[in-house]
Amino acid sequence: MSEQRAIAALESSGLEYEITRHGRVGSLAEAAAARGVEPRDIVKTLVVRRGEGDFLFVLVPGDREISWPLLRALLGVNRLSMPDKEVAKEVTGYERGTITPFGSTTAWPVIADASLVDEPGRRISLGAGAHGSAVTLDAAAALAHLDAQVAEVTGLQAP
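Residues numbered from 1 in each chain as written. Predicted model: local features only at pLDDT ≥ 70, side-chain atom pairs only at ≥ 80, totals over all residues. Heavy atoms only, no water.

Caption draft 1: Structural detail: the overall build of the protein chain. Scanning the protein chain from terminus to terminus reveals five helices and nine strands. Of the regular secondary structure in the protein chain, the N- to C-terminal order runs α-β-α-β-β-β-α-α-β-β-β-α-β-β. Its C-alpha atoms give the protein chain a radius of gyration of 15 Å, within 12% of the compact-globule value 15 Å for 159 residues. Expressed along its principal axes, the backbone C-alpha trace of the protein chain runs to roughly 40 × 30 × 30 Å. The 159 residues of the protein chain split such that 46% are buried. Residue pairs in contact within the protein chain that sit at least 24 positions apart in sequence constitute 64% of those at least 6 positions apart. For the protein chain, the exposed area adds up to about 8000 Å²; of that, 49% sits on carbon and sulfur atoms. (Helix = DSSP H or I, 4+ residues; strand = E, 2+ residues; numbered from the N terminus. Rg over C-alpha atoms; globule rule 2.2 N^0.38 Å. Buried < 20%, exposed > 50% of the residue type's maximum accessible area, 1.4 Å probe, protein only. Contact = heavy atoms within 4.5 Å. Areas by Shrake-Rupley, 256 points an atom, 1.4 Å probe, with all protein chains shown as cover.)

What follows is the structure in structure tokens.
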């Protein structure tokens, strides 16, 4: 059901995309191999809470993590948090690990890390509403469609 909502949103977007379905994976490297992309091209869609009932999506490359100081400075706030899995599902309609801004039950603002558009023609892979389901598409086109604010909000993951 959730995958159908994500795919319907993608179809209505006019964006060119590919759907990949694979079994559960145990690591970023496994997910990248299953989707035919580099680990850095897998994009995690994280739900961040600014305040009561106020959420946003942060798109983070697979090899990076949110830099909370950078994100707080960008948003001009002192506190941010990540909701628990039940709240994340309630506010997006998707379970953790499947969340995507495409077809979310609420069109929350999107912030995308600047590294996602560091090269022309870059393709990224996002969750598609169900475990083992992903969508691969042009990064710049996807971010433009989502009206994403592009900014430096991540740092490399610690090894």
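Additional details are given in the paragraphs that follow.
Caption draft 2: Representation of the pattern of salt bridges. Using the criterion set out here, one finds eight salt bridges in the structure. In this structure, the salt-bridge partner of R123 is E18, at a minimum N-O distance of 3.2 Å. Remark: E18 occurs in strand β1 (residues 17–21) and R123 occurs in strand β6 (residues 123–127); sequence separation between them is 105 residues. On the accessibility criterion, E18 (47% relative accessible area) is partly exposed. With a shortest N-O distance of 2.6 Å, R40 and E119 are connected by a salt bridge. (Salt bridge = Lys/Arg side-chain N within 4 Å of Asp/Glu carboxyl O.)

Caption draft 3: View of the nonpolar core. Membership of the largest hydrophobic core comes to 27 residues, with the highest contact counts inside it found for L59, F102, L116, L126 and L137. Residue assignment for this core shows that the elements contributing at least two residues are α1 (2–13), β2 (42–51), β3 (54–61), α4 (85–92), β5 (110–113), β6, β7 (133–138) and α5 (139–145). Setting aside residues up to four positions removed in sequence, L59 forms contacts with V43, K44, T45, P101, V110, I111, A112, D113, L116, L126, L143 and L146. Membership of the second largest hydrophobic core comes to 10 residues, among which are I66, L71, I111 and V153. (Core = buried A, V, L, I, M, F, W, Y, C linked by side-chain atoms within 4.5 Å.)

Caption draft 4: Representation of the layout of surface pockets in the model. A volume near 600 Å³ is recorded for the largest pocket. Lining the largest pocket are 29 residues, and of these R35, K44, R96, G97 and T98 lie nearest its centre. Elements that contribute at least two residues to the lining of the largest pocket include exactly α2 (28–35) and β2. In terms of residues, the lining of the largest pocket owes the most to one element, β2, which gives six residues. Class assignment of the residues belonging to the lining of the largest pocket gives a composition of 12 nonpolar, 13 polar and four charged. (1 Å grid on protein atoms, 1.4 Å probe; cavity = no way out; pocket = protein on both sides within 12 Å on 5 of 7 lines; lining within 4 Å. Points joined across faces, edges and corners; volume = space filled by probe spheres on them. Nonpolar A, V, L, I, M, F, W, Y, C, P; charged D, E, K, R; others polar.)

Caption draft 5: Geometry of the environment of V37. Looking at the element boundaries, V37 is found in the loop between α2 and β2. We classify V37 as buried; its relative accessible area is 15%. When the C-alpha positions of V37 and S125 are compared, they lie 7.6 Å apart, and in sequence the two are 88 residues distant. Contact partners of V37, with chain neighbours within four places excluded, come to A32, I42, S125 and T136.

Caption draft 6: Spatial organisation of the packing of aromatic side chains. Applying the stated rule across the entire model yields one aromatic pair. Here the aromatic rings of F55 and W108 are separated by 5.4 Å at their centres, their planes lie at 70 degrees, and the arrangement is edge-to-face. Of the two residues, F55 is situated in strand β3 and W108 in the loop between α4 and β5; the sequence distance between them amounts to 53 residues. The cationic tip of R5 hangs over the ring face of Y94; the distance from NZ or CZ to the ring centre is 4.5 Å. (Phe/Tyr/Trp six-rings, centres within 6.5 Å; stacked < 30°, edge-to-face > 60°. Lys NZ or Arg CZ within 6 Å of the ring centre and 35° of its normal.)

Caption draft 7: Structural context of α1. With 12 residues, α1 ought to run about 16 Å at 1.5 Å a step, and its terminal C-alpha atoms sit 17 Å apart, in line with that. Buried within α1 we find S2, E3, A6, I7, L10 and S13. All buried residues of α1 lie within an arc of 130 degrees about the axis, which places them on one face of the element. Set apart from the buried face of α1 by more than 90 degrees, the exposed residues are Q4, E11 and S12. In this structure, the buried side of α1 is in contact with β1, β7 and α5. Following α1 by one or two positions, G14 has its phi on the positive side, about 80 degrees. (Expected span 1.5 Å × (residues − 1). Arc of directions from axis to C-beta.)

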